[in-house]
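# An overview of the molecular structure
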Amino acid sequence: MKRLVCVSNRISLPRRGATPGGLAVGVLAALRHTGGVWFGWSGETSEVPAEQPEVLTRGNIRFATIDLKPADFDAYYNGYCNGTLWPLFHYFPDRFTHEQRQYEAYQAVNAEFARQLMKILKPGDAVWVHDYQLIPLGRYLRKLRFDGPIGFFLHIPFPHVQILRLLPNYAELIRDMCQYDLVGFQTADDMRSFLTCLEPAPASLPASQRIEFAGRSVRLGAYPIGIDVDGVINAAVTTYAQETVQRMAVSLMGRKLIIGVDRLDYTKGLTERFAAYEQFLEAFPENQGKVTFLQIAPPSRSDVLAYGEIRRGLEQCAGRLNGRFAEADWTPIRYLNRDYTHATLMGFLRAAKVALVTPVRDGMNLVAKEFVAAQDPEDPGVLILSPMAGAAQELRSALQVNPYDKRGMAMALQAALNMPLDERRQRHDDMLAAVRQHDIHNWYGTFVHDLTGESVRRAAA
Ligand code: ADQ
């Protein structure tokens, strides 16, 4: 087996103890299984970064990190990645800004990643690059004469050309994506959007799954990311019985729990969700005092202006809603800006009767899959899911509702809270089968196989 070298902007160092997000959980699962290297930014900035990556070995994984200069980091990460690519790829042209200086920093940081990575690459390695922060990395590795297989996986949506061409450098981005041997997307829709950006745009992907670009042959595919289903089930069952979750459950005093778990981000549809919940309490007043909506939303990217705005907006919404409906013994919405361990979150998900997963745009959304796995199959809750999440392509038995449709969401909430047990079980069975079909082992196993031609055995449960 070739040595697998995963590269992402942030890496989840074991010593930091931070809860890994969706990307990190996926990369860790792959590397725990295959062994290998995880290379990325340390999370630290320094005016004089070390000349060599810092390496830490834990079990079969080597974690190699580099520092970035503060000004480079700001222009690359806060600027180009989160001010330009993130909004545009999520179809928010009004939040997108473009500054050539930031684009140059983006290219320069990718070049630096490649230069440092070359110091630890060996002949026979296969490199797997993750996400939009590192699109040009493959081209720089080629320039430095790395000749092993290089794959790229995009964790976020890929936009249609009508949106992408708002970006002055979009042709260069497409050129950079075509320097990889394999480019993976979350869904077939994302892959089709990518095809619209090619010149000339093919009507569909050829049966070979390959496209030709400037003399190179690039393989494309949809690789929907999944979860460690049995891991989530075990965590949910265990933490559900433990103090943190039980204290929350007791505090509900028999009220049904509606839950939302999202990073605080404007793509997650939180403002629209709060407004829909308000409409639900108004349209179906019999639920007042009978339900509690728990929204857990840890802040992210607080250095980016748009994120401060959304945070303030949500605080106002939650405050207004509680001011309007709360009783001395009932708070309709509990809005928490904090992190929990992943296991505790799974316990909260198990305690909920309804999950609201209503992003206005999302690559996959792992919380939707985690909710399905965390539920008690004998008495499962109901998932309300936006069709704008990649997960909606697989979770067809969720109640799907447009996140901008407040009335539709209010009605879906009412239907979910009153759904008969038989129907809940049927929908849950269907969804659990779908979650198992594309689990985390399937995700990395298929990608690594298509990249290297080698089979990756499924991890033992
Ligand atoms: P994210 O936008 O971060 O990921 P998501 O797919 O939901 O979104 O993954 C978040 C992960 O973090 C989940 O495993 C969740 O349980 C966990 N999490 C969320 N809130 C938490 C909290 N308060 N405390 C602890 N853990 C929390 C990006 C893309 C997604 C894509 C993933 C994976 O935006 O579309 O699904 O990568 O590819």
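We now turn to the structure provided with this report. The residue count restarts for each chain, going from 1 along the sequence in the order it is written. In keeping with the predicted nature of the model, local features appear solely for residues at pLDDT of at least 70, side-chain atom pairs appear and are counted solely at 80 or more, and the whole-chain, interface and lining totals rest on all residues. Hydrogens and water molecules were not included; the side-chain quantities draw on all heavy atoms of the structure.

With that out of the way, let us pick up the sheet that holds strand E13 (residues 354-357). In space, the six strands of this open sheet follow the order E12-E11-E10-E13-E14-E15, with parallel pairing throughout. In the strand order of this sheet, the two ends are held by strand E12 (333-336) and strand E15 (399-400), each with one partner. Two strands pair when backbone bridges link them, and strand E10 (residues 256-261) and strand E11 (residues 291-296) are joined in this way by six bridges, in the parallel orientation. Bridge pairing links Val261 to Ile296 in E11. Contacts from helix H12 (residues 342-351) reach E10 and E11, with the element oriented near 140 degrees to E10. DSSP calls a pair of strands paired once it identifies at least 2 bridges connecting them. The helix and strand labels rest on DSSP assignments: H or I over at least four residues marks a helix, E over at least two residues marks a strand, and numbering proceeds from the N terminus. The contact definition used throughout considers only heavy atoms, calling two residues in contact when any of these lie within 4.5 Å. Where helices are involved, their axes are fitted lines through C-alpha atoms of the stretch in contact, as for all axes, and angles between N-to-C directions lie from 0 to 180°.

Let us now look at the packing of aromatic side chains. Two descriptors summarise a pair of aromatic rings, namely the distance from one centre to the other and the angle between the planes of the rings. Under the pairing criterion, centres of Phe, Tyr and Trp rings, with the six-membered ring standing for Trp, must be within 6.5 Å; the plane angle then separates stacked pairs below 30 degrees from edge-to-face pairs above 60, leaving the rest tilted. As enumerated under the stated definition, the model contains 28 aromatic pairs in all. When the centroid spacing of 6.1 Å and the interplanar angle of 45 degrees are considered together, the rings of Phe280 and Phe284 count as tilted. Side by side, Phe280 and Phe284 carry an identical accessibility label, which is buried. The structure contains a cluster of three or more aromatic residues connected by ring pairs, namely Trp41, Phe73, Tyr76, Tyr77, Tyr80, Tyr103 and Tyr106. As a reminder, the over-ring test applies to NZ of lysine and CZ of arginine, requiring each to be within 6 Å of the ring centre and within 35 degrees of the ring normal. Note that Arg139 overlies the ring of Tyr140, its terminal NZ or CZ placed 4.6 Å from the centroid. When accessible area is computed with a 1.4 Å probe and restricted to protein chains, residues below 20% of their type maximum are described as buried, those above 50% as exposed, and intermediate ones as partly exposed.

Throughout, the term near means that a residue has one or more heavy atoms lying within 4 Å of the molecule or strand in question. Surrounding the ligand, one finds 25 residues, the nearest of these being His155, Tyr340, Asp362, Leu366 and Glu370. A distance of 3.0 Å separates an oxygen atom of the ligand from a polar side-chain atom of Gln186. Nitrogen and oxygen atoms within 3.5 Å of one another constitute a polar contact, given that in protein one can donate a hydrogen and the other can accept it, and given that sequence-neighbouring residues count only through two side-chain atoms. Here an oxygen atom of the ligand and a backbone polar atom of Met364 are 2.9 Å apart. Methods summary: accessible areas were calculated by the Shrake-Rupley approach with a probe of 1.4 Å, and residue burial reflects only the protein chains presented. Contact with the protein chains hides 93% of the accessible area of the ligand, taken as 710 Å² for the molecule alone.

The term salt bridge refers to a pairing of a side-chain nitrogen on Lys or Arg with a carboxyl oxygen on Asp or Glu at a separation within 4 Å. As enumerated under the stated definition, the model contains 25 salt bridges in all. With its nearest N and O atoms 3.5 Å apart, the salt bridge here joins Arg311 to Glu315. Residue Arg311 and its partner Glu315 are both found in helix H11 (residues 305-325); the two are separated by four residues, about one turn of the helix. The exposure class assigned to Glu315 is partly exposed, which follows from its relative accessible area of 38%.

Geometric descriptors of this kind do not, in isolation, establish any biological role.
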